Amino acid sequence: MRPMSDAITGWHAHVYYDPAATRPVAAALRDGIAERFPAAVLGRWHDVPVGPHPTAMYQVAFEPALFPELVPFIALNRAGLTVLVHPETGRQRADHTAHALWMGAVLPLEVSVLPE
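What you see is a predicted model; the values in this text were computed from it and never measured.

1. Overview of the pairing of strand β1 (residues 10-16)
Where burial is concerned, most of β1 is hidden: seven out of the seven residues are buried. Residues G10, H12, H14 and Y16 point to one face of β1 and W11, A13 and V15 to the other, with burial holding for every one of them. In terms of strand pairing, β1 meets strand β3 (residues 57-62) through six bridges, oriented antiparallel. Along β3, the bridge assignment pairs Y16 with M57.

Here is the structure:
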């Protein structure tokens, strides 16, 4: 087994939303993250599927030290949105699948676009 401190260099949270129906909910969560966690990096809005993601989403990138506070904040404030949280270990396919944490529905990712 690899020590976690050596294996995980960062985390991503992918917040999924419907551009026509739940974008305001996703925006409220994003605003809350920005206000409470200024060290988190908020990615662009993607109103169409991008990469392995099957629906609209934005990404939140953060350092491992933020995990104990940021992930519970997302869990309690996601207001029904689906969120994928995964580590950054350098193994993109495994990070999005085997190492993934889901809040809400598990969405089918297009993993063929991710390197092994």
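2. Side note on helix α2 (residues 23-36)
End to end, α2 covers 20 Å across 14 residues, agreeing with the expected 20 Å (1.5 Å per residue, within 8%). Among all positions of α2, only A26, L29, R30, G32 and I33 are buried. Taken around the axis of α2, the buried residues stretch over an arc of 160°, which confines them to a single face. Across from the buried face of α2, at angles greater than 90 degrees, the exposed residues are P24, D31 and E35.

3. Quick word on unusual backbone geometry
Only a minority of non-glycine residues have a phi that is not negative, and only a minority of peptide bonds are not trans. Here the phi dihedral of A79 falls at roughly 50°; this positive angle occurs in a residue that is not glycine. Inspection of the secondary structure assignment puts A79 in the loop between α3 (67-77) and β4 (83-88).

4. A word on the side chain of R30
As for its placement among the helices and strands, R30 is situated in helix α2. It turns out R30 is buried and unbridged, and the closest side chain with the opposite charge, D31, is 5.8 Å from it. The residues contacting R30, other than those within four sequence positions of it, are L42, G43, W45 and Y58.

5. A short note on the packing of α2 against α3
The relative placement of two packed helices is expressed as an angle between their axes plus a distance between the axes. The N-to-C vectors of α2 and α3 enclose an angle of 150°; their axes lie 11 Å apart at closest approach. The orientation of α2 with respect to α3, classified from their angle, is roughly antiparallel. The two elements α2 and α3 cross, and the hand of that crossing is right-handed. Taking contact as the criterion, the partners of L29, G32, I33 and R36 in α2 are, on α3, L70, F73, I74 and N77.

What counts and how
- Residues numbered from 1 in each chain as written.
- Predicted model: local features only at pLDDT ≥ 70, side-chain atom pairs only at ≥ 80, totals over all residues.
- Heavy atoms only, no water.
- Buried < 20%, exposed > 50% of the residue type's maximum accessible area, 1.4 Å probe, protein only.
- Helix = DSSP H or I, 4+ residues; strand = E, 2+ residues; numbered from the N terminus.
- Pairing = 2+ DSSP bridges.
- Expected span 1.5 Å × (residues − 1).
- Arc of directions from axis to C-beta.
- Lys, Arg positive; Asp, Glu negative; His and termini not counted.
- Salt bridge = Lys/Arg side-chain N within 4 Å of Asp/Glu carboxyl O.
- Contact = heavy atoms within 4.5 Å.
- Axes fitted to C-alpha atoms, helices over the stretch in contact; angles between N-to-C directions.
- Parallel < 35°, antiparallel > 145°, perpendicular 65-115°, else oblique.
- Left-handed = near helix turned anticlockwise from the far one by under 90°.

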